[in-house]
Structure formats: structure tokens, C-alpha cells
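# Report on the structure
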Amino acid sequence: MTILSDLHQLLGADGLLESGLDRYVSEPRGRYHGRPLAVARPGSTEQVAELVRLCSKHRLAMVPQGGHTGLVGGGSALDSELIISFERMRAVRHLDTVDASVVVEAGCTLAALRDTVARAGLLYPLSLASEGTATIGGTLATNAGGNLTIRYGNSRAQVLGLEVVLASGEVLSELSPLRKDNSGFDLKHCFIGSEGTLGLITAACLALKPQPAQSVTAMAACADLERGLALLKRLRARLGETLSACEFMPELAMQFVLADQPGAAHPFAKPSAWYVLFQADSAIDGQGMEAAVMDALAHAHDEGLIDDAVVADSLSRAESLWALREGISAAQKHGGVSLKHDISLPVARIPAFLDQAQVALAEAVPGIRPCPFGHLGDGNIHFNLSQPEGMSAEAFRALEPDCNRIVFERVRALGGSIAAEHGVGLLRRDELQRGQALKVSLMQSLKQAWDPQGLFNPGKVVAATSRKAEQGGDQASA
Ligand code: ZN
């Protein structure tokens, strides 16, 4: 029997696609163009387990895929690999409002889960621009971050348990909602953020939070980011744990978004260098939140931290302020080619990083237009570089390795990370090796132990072990 006929027998006509694969192949940044063998769409955990055993028998590489919104090629198949899509596994298996937990399958979209639990008065506190398409399995495999990390942590922090299909085809089922369980190694954390290289997450038990009863969104204008960070400190002191998001964007990003969104208006009569967007929420009913935000902003203004501020007076006004921030990625096309870096830094070092990196970049590429924005509260910067006016797209793209070196050198020197919330995938795999030999070798030995045939998402995050390559070499010469 051929691989395809075996797959067909297991999955049926609905479960195996051999043509029309465009939407599983094309990815947001158009970098990867593999030709997968087919797309498997299993309908149950048992079927995923059978599928893994079958692929193991045929030594067929498997690429798990959620909503395929990732930005580093983690869900992209290379030639002749099998994509495993979880889109037919989207059930919310069990919602427990007493325990405030939910068991959900990997293919459920983030938006669908948030809607489902909201109807029960609960919140799944992960918010991403791509939440209508991104899936729970994908967000866990990449440990997605997003806008609410400052208060609730990343995806990892929400997980109580996982169901994972292992390379052997066995199912590790730990979907208990226990908040305390110190019975040995906490293995779920190895799978979370492993980008599908160690096992296939088929379901998760997630902790939920109370749905906010009052929410205030505001944007402040700042002359520089030292003031922006002083504002963050003041907001945290005044609003405590109710501060749920604190984002930042420069005037250049505002210009791109205004060019991209015909109905949008600049929130301020006079532009400033930076804008800080923040949101405070409380599950306690009442109106106290708005007064606290007004008070914090009045003090910040008196201290010279902010030039101006707007507080949203309605839900639609709040949404339009958020649309300015969420629209940046799509709007950057108005600046031509954008070289993107998803980095994080200790929050206090953000201004130093921006100063150093921008000076070095301007020397290397005169006219380059940095457009740094993102999550001020947790130090995650989308450090994107727009092409100089007058330079061709090809010439600018050719400078990407030089720009990367400048950016990542400074990130490392200041104690940051070269892969903050998007993951490593193919895009940052080789960069990850630099200066982290011990960490990468531990990752490779875990990969070797848990996926000895190397069939789970090969080449992503870590390359095959050098030990394995040497063994191959020995065999070839023997
Ligand atoms: Zn982000």
C-alpha cells in the first residue's frame, strides 16, 4: 500500500486533502513555499494517534498546523511533508463554571473559545489581532503572548493540563483542572512553546478568569519613551492589577495606519513622538475605574510625563483606539518593504535599545525608517524597519542580514530575547544557536529522546542533532 492510500483509508475523503492546498501553504509573510504531500484533517484524538503511527511506519514528516497565522514558518511544510490540520477538532468538551476551567480541542479558534466562555461570565485572557483564525493548539504550541501578558501572562500561564499525541502514537492525557499538582516533572511545559517538535497537542484544560464588568481604554501622547515608562509606572501604582494592557506606537506607525484606514482619525490635534495605549478592567461592577484612570492621567500631565490624553467614552471609541494599534502590521505596506523583528527586552532598557539600535541602523542604512511598536508593559517590541524613501525594495531586502545582525547584537547585549512571542520556527532557528550552545544542545537531546525518528515538524526551532549527523556520516563511510 502507498502512503496516500493508507492515509485515505484511515481518514476518509473528508479527512485527507490532496489538492486545493493553497490556504495551508501560503503564509502571512510569503516566505515559505513548500509543496506538502497532502493535508490530513483528523477528527479525533484517536485518529491523530493512528495517523502518527502510520506516519512513523512510512517515515513521513508531520507538520502540525493551527490557524496558520504564525509569522516564523513554524506551521509551513517543506516539500513532501504531511500537514496535519486540527480544523475538524474544535469542540469545547467541558466548561466548568465552579472550577473556572474549560477543556477544549486544539482546532477551536481563540475567538470562538473567548465567546463561549464569555457567555458563562468568564474570560480566557489571551487577546491577539489574529484571534478569529488562530487556534488554541497553535497558540499553545507557540506560547503566544499578545496584549494582555502584562496582567495574565502568556498562553503557558493559562494551561492546567494537556492531551498530547506522542511520537510512539501513545496519548499523554493530563486534562485534570488541578491548580496544585507537584507529582513529578511538569511535562506540559515542554510541549508548550515547542512549536510541534515534541508532540501533537490535541486538547487542553485551561484556567479562566472572571469577565470584566467595567473596562476603560485610554491613549496618552508622550514626547519620549522614558516618559512613557514613567507613565507605565504611575499607571501600575494607581491601577494595580486592573492594568490589563499597555501598548506603544510611534507617530510613523500612526501615519501608516491613518493611510490604511480611510475612516480613522488622529486622536490628537497635535502629533507627539509616541503614543501609549492602555486598558484597565475590573470584574467589580461600578464606575470607579474611569475616575482612577482620569486621576492617574491628571497626575502624569502635571508631572510633565504626557503631552495629552484621550479616554474612550464609549465601547466604539475604545475599539477605534485599539484599531489604531492593531492595524499597524497591515498598514506597514504603506512604508514599502518592512524588515520585522519580534524581540523582547527588560522593560527599563527599551529606551536604551531603541537609541543604540536606531543610531547603528541609520549609519548602516541611511534613511532607514524604524517603526517600533508593541507591548510596552512586558517589553515585547515589534521592531520593524521600513525601507528608506528612494531605495528599491530589492536593495533594501538585500540588507536584511546586516540589519538583523545590528538588531540582535544589541538585543543580546541588553539581556533581551531574539524571539519574543512569535516563536522560532524556521525564521530564527539559526539565530537561536548563537551564544546559546548549552541550551540548544539540551533542546536537541530532548527532541532526540521524545521524537527519535525526527518526524515531528523537522527543522523547526532546532536543527537535527550534530550527534545524529555524525552517526549518519559514520554509516556512510563504513
Ligand atoms: Zn504582538
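Residues numbered from 1 in each chain as written. Predicted model: local features only at pLDDT ≥ 70, side-chain atom pairs only at ≥ 80, totals over all residues. Heavy atoms only, no water.

## Observations concerning the overall build of the protein
Check the secondary structure of the protein and you find 18 helices and 19 strands. Taken over the C-alpha trace, the protein has a radius of gyration of 23 Å; the compact-globule value for 478 residues is 23 Å, and the two agree within 12%. Referenced to the eigenvectors of the C-alpha coordinate spread, the extents of the protein come out at roughly 75 × 55 × 45 Å. In the protein, which comprises 478 residues, the share counted as buried stands at 51%. (Helix = DSSP H or I, 4+ residues; strand = E, 2+ residues; numbered from the N terminus. Rg over C-alpha atoms; globule rule 2.2 N^0.38 Å. Buried < 20%, exposed > 50% of the residue type's maximum accessible area, 1.4 Å probe, protein only.)

## Quick look at the nonpolar core
L231, F278, F353, I381, F383 and L385 are the most contacted members of the largest nonpolar core, which totals 49 residues. Mapped by element, the contributors of at least two residues to this core are β12 (214-222), α8 (225-239), β13 (243-250), β14 (274-282), α10 (288-302), α13 (350-364), β19 (380-386) and α15 (400-413). Contact partners of F383, with chain neighbours within four places excluded, come to L339, K340, H341, I343, F353, L354, A357, Q358, L361, P370, P372 and V407. V104, L110, A144 and I201 belong to the second-largest nonpolar core, a separate cluster that totals 25 residues. (Core = buried A, V, L, I, M, F, W, Y, C linked by side-chain atoms within 4.5 Å. Contact = heavy atoms within 4.5 Å.)

## Digging into the coordination of the zinc ion
Looking at the zinc ion, one finds its protein donor set to be H375 (NE2), H382 (NE2) and E421 (OE), positioned 1.8 to 2.2 Å from the metal centre. In terms of primary sequence, the donors binding the zinc ion are separated according to H-x6-H-x38-E. Placement of H375 in strand β18 (residues 369-375) and of E421 in the loop between α15 and α16 (429-433) is noted, with a sequence separation of 46 residues between them. Accessibility expressed as a relative area gives 3% for H375, which makes it buried. For E421, a relative accessible area of 12% translates into the label buried. (Donors = N, O, S within 2.8 Å, 3.2 Å for Na, K, Ca; no water.)

## Here's the deal with the environment of R179
The residue R179 is located in the loop between β9 (171-174) and α7 (188-191) in this model. The contacts of R179, once residues within four sequence positions are left out, are D99, A100, S101, L160, A207 and L208. In this structure the side chain of R179 is engaged in a polar contact, spanning 3.2 Å, whose partner is the backbone oxygen of A100. (Polar contact = N/O pair within 3.5 Å; in protein donor to acceptor, adjacent residues only side chain to side chain.)

## With respect to the pattern of salt bridges
Inspection of the entire model under this criterion finds 22 salt bridges. Here K188 ties to D186 by a salt bridge, and the two come within 3.0 Å at their closest N and O atoms. D451 serves as the salt-bridge partner of K447, at 2.7 Å between the closest nitrogen and oxygen. Among the residues examined, K447 registers a relative accessible area of 12% and is labelled buried. (Salt bridge = Lys/Arg side-chain N within 4 Å of Asp/Glu carboxyl O.)

## Focus: helix α1 (residues 3-15)
When the terminal C-alpha atoms of α1 are compared, their 14 Å separation across 13 residues is substantially less than the 18 Å that a helix rising 1.5 Å per residue should span. Residue Q9 marks the point of greatest curvature in α1, where the axis turns by about 75°. What α1 keeps buried is the set D6, L7, L11 and G15. Of the surrounding secondary structure, the elements contacted by the buried residues of α1 are β1 (16-17), β2 (38-40), α3 (45-58) and β4 (82-85). (Expected span 1.5 Å × (residues − 1). Bend = angle between axes of the 7 residues up to and from the residue.)

## Digging into the environment of Q158
Looking at the element boundaries, Q158 is found in the loop between α6 (149-152) and β8 (159-165). A sequence separation of 87 residues divides Q158 from A245, and the C-alpha atoms of the two residues are 17 Å apart. When neighbours within four sequence positions are excluded, Q158 is seen to be in contact with Y124, P125, Y152, G153, C205, L206, A207 and K209. At 3.4 Å, the side chain of Q158 and the backbone oxygen of G153 are in polar contact.

## Describing the pairing of β12
Along β12, eight of the nine residues are buried, which leaves the element largely enclosed by surrounding structure. As paired strands, β12 and β14 are joined by nine bridges and run antiparallel to one another. By the bridge assignment, V216 is partnered in β14 with A280. Note: β12 against strand β15 (residues 308-311), four bridges, orientation antiparallel. Note that in β15 the partner of A218 across the bridge is V311. (Pairing = 2+ DSSP bridges.)

## Looking at α10
A rise of 1.5 Å per residue sets the reference length of α10, with its 15 residues, at 21 Å; its end C-alpha atoms lie 21 Å apart and thus fit the reference within 8%. Of all the residues in α10, the buried ones are M289, A292, V293, A296, L297 and A300. Looking down the long axis of α10, one finds its buried residues gathered within 130° of arc, a one-sided arrangement. Facing away from the buried side of α10 by over 90 degrees, the exposed positions are A291 and D302. Positive backbone phi, at 80°, marks G304, one or two positions downstream of α10. (Arc of directions from axis to C-beta.)

## As for the confidence of the model for the protein
The predicted model of the protein has a mean per-residue pLDDT of 94, with 97% of residues at 70 or higher. When the criterion is pLDDT under 50, residues 466-478 qualifies, and its contacts beyond four places in sequence or with other chains add up to five contacts. (pLDDT = per-residue confidence, 0-100.)

## Digging into unusual backbone geometry
Non-glycine residue H68 carries a positive phi angle of around 60°. Tracing the backbone shows H68 in the loop between β3 (62-65) and β4. Phi is positive for E195, close to 55°, though the residue is something other than glycine. Along the chain, E195 falls in the loop between α7 and β10 (200-207).

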